[in-house]
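Geometric and topological summary
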Amino acid sequence: MQKLANRLERLGTETAFSVAQAAAAWKAKGNRVYPFHLGDINIPMAPHIVEAMNRAIADGYTGYCPGPGIPQLREALAEDIGARRGMEFSPDNVVVMTGGKPVITKFLQAVMDPGQEVIYPNPGFPIYESQIEYLGGTAVPYRYVPTESGFAIDLDQVRASITPNTTAIIYNDLQNPISAESTAAEREAIAQLAIEHDLWVLSDEAYFETRYEGVSSSIAALPGMAERTVILYTFSKKFAMTGSRLGCAVAPLEIAQIMSKLNTNDESCTTHYVQWAGIEALRGPQEPVQQMLDVLKERRDVACEIVNSIPGVHVAVPQSTFYLFPDVTEAMERKGFTTVGEFATAALENTGVSFCTREHFGRRLPGEERQYIRLAYSGIETADIREGLGRLREWIEA
Ligand SMILES: Cc1ncc(COP(=O)(O)O)c(C=O)c1O
């Protein structure tokens, strides 16, 4: 038989999609499912953005366009992303891509040679681990420790993980799946380490504007960081545009030029008419963004209240993202489960509540004792959150 490429053995994936399949199969058997598994949004893209996209198609913006994006969108992004971070970017710093995800791969392609090490959050977005390893690097995880208000990065571990072979650190403030948010001191400590060891930084800011209290800050804005940091920006979460596939990297010029060349190799360009919709999203009315945040905040409050009323389950109320990452260790013991995967399957089959677990967000680290699940509330109505989590509570209480 013909042989496939060896590197495929190192390719991971987003296993959250397999949870979606299990939920769909359970539903197809006639069962009620409460979908807490996918980080997608069940709120439609705002009408003014839809109109802009349709208008762009009607106006003939359907052919190829420049690899790094159309100048008008690059300009709008440089302005908006800069203003919200207290920074100044030129359109030349902006490379438009088909969502935020490709920024991860292109960042690694630009800064990491095979055999080099990249430090990344775990639990974290699973594509970091997958792409570091697929591209021949060594994925070096760093962990979080629970605090009163959520989670904090184990800075000692980050420090101890850096070797002369480390080329980059991936940092996801406002974190998926755990909703962790750095204090200013934590952000500064990460920046300090990057500067001291001359590391590149990928700052994944997918949830920068998905926040209910407080203000977001970017590590890129700290002194000495702009020249070593690539920001991952996406329209997916802020504008409910997950399926439109639009995002960008904001990068130092040298990296931006490499990413633009990678775009030309991989996609030629990002869908032309979607970019015009992106300009409307950034420059048009912003009320729909606030309306969506109001809906998500209500869902968060309802979900947190019920989750914290379940015996053996606890979560701190996050100020950002649309995920809860409750500790379910005692609830699992109560129900007699030793693996969180079995717990999730039993929860689906007994209550219809479908969710991912810690296992979907990177390989479990040595010494990890607590058990966690991830509840996404972006794709489920408040009434169904009440009903579903109410059923979960009854099942755990029984
Ligand atoms: C932390 C994080 N980064 C990046 C992405 C990629 O999003 P997209 O490719 O839709 O922009 C996601 C999506 O869930 C995410 O959670």
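Residues numbered from 1 in each chain as written. Predicted model: local features only at pLDDT ≥ 70, side-chain atom pairs only at ≥ 80, totals over all residues. Heavy atoms only, no water.

Under an unreviewed UniProt entry, the name given to the protein chain is Aminotransferase, and the source organism is Zhihengliuella salsuginis. Among the UniProt annotations of the protein chain, the heading Cofactor (unreviewed entry) holds the following wording: "pyridoxal 5'-phosphate". Of the protein chain, the UniProt comment under Sequence similarities (unreviewed entry) reads exactly: "Belongs to the class-I pyridoxal-phosphate-dependent aminotransferase family." (UniProt positions renumbered as here; feature names shortened; annotations may be inferred.)

1. Section: the sheet that holds strand β10 (residues 247-250)
Within the open sheet, the seven strands sit side by side as β2-β10-β9-β8-β7-β3-β4. Their pairing is mixed. A single partner strand is all that each edge strand has here, and the edge strands are β2 (94-97) and β4 (138-142). Put simply, the sheet's adjacent strands are angled 20 degrees from each other on average, direction ignored. Across five bridges, the pairing between strand β3 (residues 117-121) and β4 is parallel. Note that in β4 the partner of V118 across the bridge is A139. The strands touched by helix α4 (residues 101-111) are β2, β3, β7 (166-171), β8 (200-204), β9 (229-234) and β10; relative to β8, the strand with the most contacts, the crossing angle is about 180 degrees. (Pairing = 2+ DSSP bridges. Helix = DSSP H or I, 4+ residues; strand = E, 2+ residues; numbered from the N terminus. Axes fitted to C-alpha atoms, helices over the stretch in contact; angles between N-to-C directions. Contact = heavy atoms within 4.5 Å.)

2. Some words on the side chain of S182
The residue S182 is located in the loop between β7 and α7 (184-196) in this model. The exposure class of S182 is buried, given its relative accessible area of 8%. At 2.6 Å, the side chain of S182 and the side chain of Y171 are in polar contact. (Buried < 20%, exposed > 50% of the residue type's maximum accessible area, 1.4 Å probe, protein only. Polar contact = N/O pair within 3.5 Å; in protein donor to acceptor, adjacent residues only side chain to side chain.)

3. A few points about the site of the ligand
Every one of the 14 residues lining the ligand counts as a neighbour, but G100, D204, T234, S236 and R245 are closest to it. With respect to the ligand, the side chain of Y207 contributes an N or O atom lying 2.7 Å from an oxygen atom. The contact in question runs from an oxygen atom of the ligand to an N or O atom on the side chain of K237, over 2.8 Å. Here the residues of the shell around the ligand are counted per class, giving four nonpolar, six polar and four charged. (Near = heavy atom within 4 Å. Nonpolar A, V, L, I, M, F, W, Y, C, P; charged D, E, K, R; others polar.)

4. Notes on the side chain of Q175
On the secondary structure map, Q175 appears in the loop between β7 and α7. Judged by its relative accessible area of 0%, Q175 falls in the buried class. Residue contacts for Q175: discarding those within four places in its chain leaves P121, P123, G124, Y144, A180 and T321.

5. Quick notes on the pairing of β3
Along any regular strand the residues' side chains alternate between the sheet's two faces. Across the five residues of β3, five count as buried, placing the element largely inside the fold. Along β3, one buried face is formed by E117, I119 and P121 and the opposite face, lined by V118 and Y120, is buried too. In the classification by handedness, the crossover that spans β3, the intervening helix α5 (residues 126-134) and the parallel β4 is right-handed. Bridge analysis of β3 against β7 gives three bridges, and the strand direction is parallel. Of the residues in β7, the one forming a bridge with E117 is T166. (Right-handed = clockwise from strand over helix to strand, strands pointing away.)

6. Some points on the packing of helix α2 (residues 47-58) against helix α9 (residues 272-283)
For the pair α2 and α9, the least separation of the axes is 8 Å and the interaxial angle reads 145 degrees. Between α2 and α9 lies a crossing of right-handed hand. Of α9, the residues touching α2 (which contributes H48, I49, A52, M53, A56 and I57) are Y273, V274, W276, A277, E280 and A281. Residue composition of the contact of α2 with α9, grouped by class: ten nonpolar, one polar and one charged. (Left-handed = near helix turned anticlockwise from the far one by under 90°.)

7. Some points on the domain arrangement of the protein chain
When its domains are assigned, the protein chain resolves into domain 1 (6-44 + 288-397) and domain 2 (63-283). If you average the C-alpha positions of domain 1 and of domain 2, the two centres end up 25 Å apart. Each side of the interface is counted separately: domain 1 has 36 residues, and domain 2 has 40 residues. Between domain 1 and domain 2 the total buried area reaches about 3300 Å² when both faces are included, carbon and sulfur atoms providing 56% of it. The interface formed by domain 1 and domain 2 holds four salt bridges in total. The interface formed by domain 1 and domain 2 holds 21 residue pairs in polar contact (both at pLDDT 80 or more) in total. Among the elements that line the side of domain 1 that touches domain 2, the one with the most residues is helix α10 (residues 287-307), at six residues. Per-class residue counts for the side of domain 1 that touches domain 2 are 19 nonpolar, eight polar and nine charged. (Domains from an automatic or database assignment. Buried area = accessible area lost by both parts, 1.4 Å probe. Salt bridge = Lys/Arg side-chain N within 4 Å of Asp/Glu carboxyl O.)

8. A word on the nonpolar core
Core analysis: the biggest nonpolar cluster contains 68 residues, and F36, V230, M259, F343, F355 and L389 have the highest contact counts within it. The biggest single contributor to this core is α10, with eight residues. Counting residues domain by domain, this core receives three or more from each of domain 1 (6-44 + 288-397) and domain 2 (63-283). Not counting chain neighbours up to four residues away, the residues in contact with F343 comprise V328, M332, F337, F355, I373, W395 and I396. Ranked by size, the runner-up nonpolar core spans 30 residues in total, among them I49, C65, I81 and A277. (Core = buried A, V, L, I, M, F, W, Y, C linked by side-chain atoms within 4.5 Å.)

9. Describing the sheet that holds strand β11 (residues 323-324)
Within a sheet, adjacent strands bond to each other through the backbone by hydrogen bonds, running parallel or antiparallel. Spatial strand order, β11-β14-β13: three strands in an open sheet with antiparallel pairing. Strands at the two margins of the open sheet, each flanked by one partner only, are β11 and β13 (356-357). In this sheet, strand β14 (residues 373-376) lies alongside β13 in antiparallel orientation, the contact comprising two bridges. Bridge pairing in β14 links T357 to I373.

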